[in-house]
Amino acid sequence: MIFNLEGLTVYFPYEYLYPEQYKYMQELKRGLDAKGHGCLEMPTGTGKTITCLALITSYQLAHPECGKLIYCTRTVPEMEKVLAELRVLQAYREKHVGEAAAMLALGLSSRKNMCVHPRVAEEGSRESVDARCRQLTASWVREKHDSALASGEEPTTELCQFFEDYEREGPDAVLPPGVYTLADLRQFGRTKGWCPYFTARHMIKCSNVIVYNYQYLLDPKVSSLVSRELEKECVVVFDEAHNIDNVCIEALSVNLRQQTLDVAGRNITALSAKIERAKQTDERRLRAEYDALVNGLANQGVLPRGGGEDAIANPVIPADILREAVPGNIRRAEHFVAFMRRLVEYLKQRLKATQVEQETPMAFLAHLSQTAAIDGKTLKFCHDRLTSLLKTLEIVDTEEFNAVSLVADFGTLVGTYEKGFALILEPYDERYPNIPDPVLQLSCLDASLAIAPVFERFDNVFITSGTLSPIDLYPKLLSFNPVACISLPMTLTRDCLCPIVITRGADQQAVSTKFDMRDDPGVIQNYGRILIDMAASVPDGLVAFFVSYSYMEQIVSKWHETGVLQNVMQHKLVFIETQDVVETSLALDNYRRACNCGRGAVFLSVARGKVAEGIDFDRHYGRAVIMYGVPYQYTLSRILRARLEYLRETFQIKEADFLAFDAVRQAAQCVGRVIRSKADYGLMVFADKRYNSHDKRGKLPGWITTHLKEERLNLSTDMAVHVARTFMREMAQPYDRGVAGQQLLDQRAVDLMARAAGYGAVPPRIANGGGGGGGDGTS
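Just so it is clear, the structure is predicted and the values come from calculations on it, not from any experiment. (Residues numbered from 1 in each chain as written. Predicted model: local features only at pLDDT ≥ 70, side-chain atom pairs only at ≥ 80, totals over all residues. Heavy atoms only, no water.)

### Some remarks on the sheet that holds strand β18 (residues 601–606)
Remark on secondary structure: sheet strands pair via backbone hydrogen bonds, oriented parallel or antiparallel. To be explicit about the condition: By this definition, two strands are paired if DSSP reports at least two bridges between them. Only DSSP runs of H or I reaching four residues or more are called helices, and only runs of E reaching two or more are called strands; each is numbered from the N terminus.
One open sheet holds the 7 strands; their spatial order is β17-β18-β16-β19-β20-β15-β21, and the pairing between them is parallel. The outermost strands of the open sheet, each flanked by one partner alone, are β17 (573–576) and β21 (715–716). Bridge analysis of strand β19 (residues 624–628) against strand β20 (residues 682–687) gives 5 bridges, and the strand direction is parallel. When the bridges of β20 are listed, A624 appears paired with L683.

This is the structure we're talking about:
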């Protein structure tokens, strides 16, 4: 349909629109008009992705001054879903508007997901693909190859033909308008003979929509390479952003272990040998580098970037490094290597501590200066200086030097930031006190440090997800002032959600994963009884989430001993998530096959795991989900305690409030896996007495709490089974699509709403062409 939304012509590729989609578009448009940021919660399965894409691309069409849409996702499958929706939207726009609506939209991922070179693409890890790519594309490798050819000799270096053909085209290496998934880019690269990765990087500046991972904007090491040329008018959307604060913190945190420092020591020895060799064979390069460093930072353009060797960038926000020359005591290569050796030796001495130590960056720098005569200003330039040296020594296999790069990251971060960080040295893991495993953690405590440059740099940044409740906490955590901040309800024609809270077993014993109760045999037995009864009552697929891997292993072991699993398997097959990605993928595949063939299956999983974050159990793959316990973080973690203290002192957020908020958002994310559209239905079981208190229940998203009626609270196992059977019987009745359509908005309804708001319908020329693009309004 094509309709008028407060003066904006919106192109929406489906015949019907949900009321919450219309409201979401209104809030997005107001944010765009105000050139401000937004925080929007929209229920799971209501077409959030297509709504967001339709509104913003329509806004771009009406306002040519509006910049690119930068759509950030967490995973590659999510990226592919967004691009698939965008393709449907683009086909609809071109049908009704013609060539004027042509757009260029592309996905960007790592070399590993985009490489088409036959040998490089076969490399195992992302790091090894990056390293192999650099060996074929670095500027000095290409120069050696060209000079060998010019002198009539046989080249000793191999080049990537895809990259060479791309470079030969120069500015003419462009993608025609269209929507390109990663597979499309790879196919285009093979057809043209161009490198898909560098073609996509090059086309970012010409595209209308870019879809990529959070890290491309939030991690300074990546964003300074990929996103540095994006204009201020861009519209940024962080989708599924309920964990965005954790992503920000991880981007600016570094852990150093004994093994890392040992490898870093060997890296420094290797660098020393390469410097000596360079002195004897080509001292001119070292002299040129020294002269460049006298004039300013290497990454300010003094040393050229090119080819594949630009993979290492600074780990801090660029504005936080003073624009000044690198200190004199590390300009010479051999002096810098000696400096790094002193730093590594100092860190090794610190790791010999037998007691836990915690200090601020300033206290660490004071001790470092006193013990090793290293000052903070010099540390600040560690990473830039190392990057410059690796380029000067023409080192392409940067994977080999990851350890010393990590130490340089650590030095640069600790030398740059005074507040918002904590250094914690733990000589052993508290859970295994007899095993020495020293680790020095530089932990970022303030999520706003990583995302602040994004808010400052772009006019519009929107954070959106199905589980952002309580929504007012996110602006505090990320330190921004939203112009649009709303949590939308879900309009349903039938009660296809059935959340229930089980507080006790059939024997009336309370159930909970509280520390003092979780090992109680009665609790474990009651939890097993819940699974047996639900497996017998719920058809097809059933998913159960536990609070941690260790608790899941413990409880599954007990269930095996007591015969619970055998009872469950009389009704359904049982599959388990492990920490091995391949095993888990195989288990998921077999789980789906069991659901497809009618045997039914149970999938045991973990909150905060890969499955809880990225896998949808829609339709018959998830007719019920059981959340065993409240998934709190490990509360004895010193990093968590340091962050809680920082949040209390800086943002006045109480520790208990943040811990409950964090646990409940994870629980909501888990149970939300079963509802992926309004035609779907699912049972949500919260199996812990603590969910009965308003403190926990009130932090769930509104679209769940509206269905959490009084009669579904404080249930025992047998009462819950009765509710589940009644719900499943109701859902088994024929679904009247006509009744469902009463809640949907069609062309006539949205036109009436536009007129009621004082706006006309869309211009007749466009309205006559519109007829809806099929579908049911969902994504």
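### Observations regarding the nonpolar core
To be explicit about the condition: Each nonpolar core is a collection of buried residues, namely Ala, Val, Leu, Ile, Met, Phe, Trp, Tyr and Cys, held together in the definition by side-chain atoms within 4.5 Å. Residue exposure (1.4 Å probe, protein chains only): buried if accessible area is under 20% of the type maximum, exposed if over 50%, otherwise partly exposed. Residue contacts are counted whenever heavy atoms from the two residues lie within 4.5 Å of one another.
Within the largest apolar cluster, 168 residues are counted, with the highest numbers of intra-cluster contacts made by F3, I70, Y212, F238, M340 and L347. When neighbours within four sequence positions are excluded, F238 is seen to be in contact with C72, Y214, L217, L218, I244, I451, V454, V461, F462, I463 and T464. Ranked by size, the runner-up nonpolar core spans 82 residues in total, among them V523, Y527, Y551 and F575.

### What about the environment of E123?
Relative to the elements of secondary structure, E123 occurs in the loop between α4 (111–114) and α5 (126–137). Separated by 11 residues in sequence, E123 and K112 have C-alpha atoms that sit 8.2 Å apart. The contact partners of E123, leaving out residues within four places of it in the chain, are K112, S128, V129 and R132.

### Regarding the sheet that holds strand β8 (residues 235–238)
Using the following cut-off: To get an axis, fit a line to the C-alpha atoms, keeping to the stretch in contact for a helix; angles then go from 0 to 180 degrees between the N-to-C directions.
Taken in spatial order, the 8 strands make up an open sheet running β6-β5-β7-β4-β8-β13-β3-β14, and their pairing is parallel. Every interior strand has two partners, whereas the edge strands, β6 (178–180) and β14 (482–487), have only one. For this sheet, the mean inter-axis angle between neighbouring strands, taken without regard to orientation, is 15°. Alignment of β8 against strand β13 (residues 460–465), held across 4 bridges, turns out to be parallel. Looking at β13, one finds that V237 is bridged to F462. Across the sheet, helix α3 (residues 76–97) is in contact with β4 (69–73), β5 (104–108), β6 and β7 (209–213); its angle to β6 comes to roughly 165°.

### Things to note about the confidence of the model for the protein chain
For clarity, the cut-off: By definition, pLDDT measures how confident the predictor is in each residue, and it falls between 0 and 100.
Per-residue confidence for the protein chain averages 87 on the pLDDT scale, and 92% of its residues sit at or above 70. With pLDDT under 50 throughout, residues 297–306 is counted as low confidence; its partners more than four residues away or in other chains account for 25 contacts. Contacts of residues 764–779 to residues separated by more than four positions or lying in other chains number 43 contacts, the stretch itself having pLDDT below 50.

### Focus: helix α7 (residues 161–169)
Looking at α7, one finds that the buried residues are F162, F163, E164 and Y166. Buried residues along α7 sit in contact with α5, α6 (139–150), α8 (182–192) and α9 (196–203).

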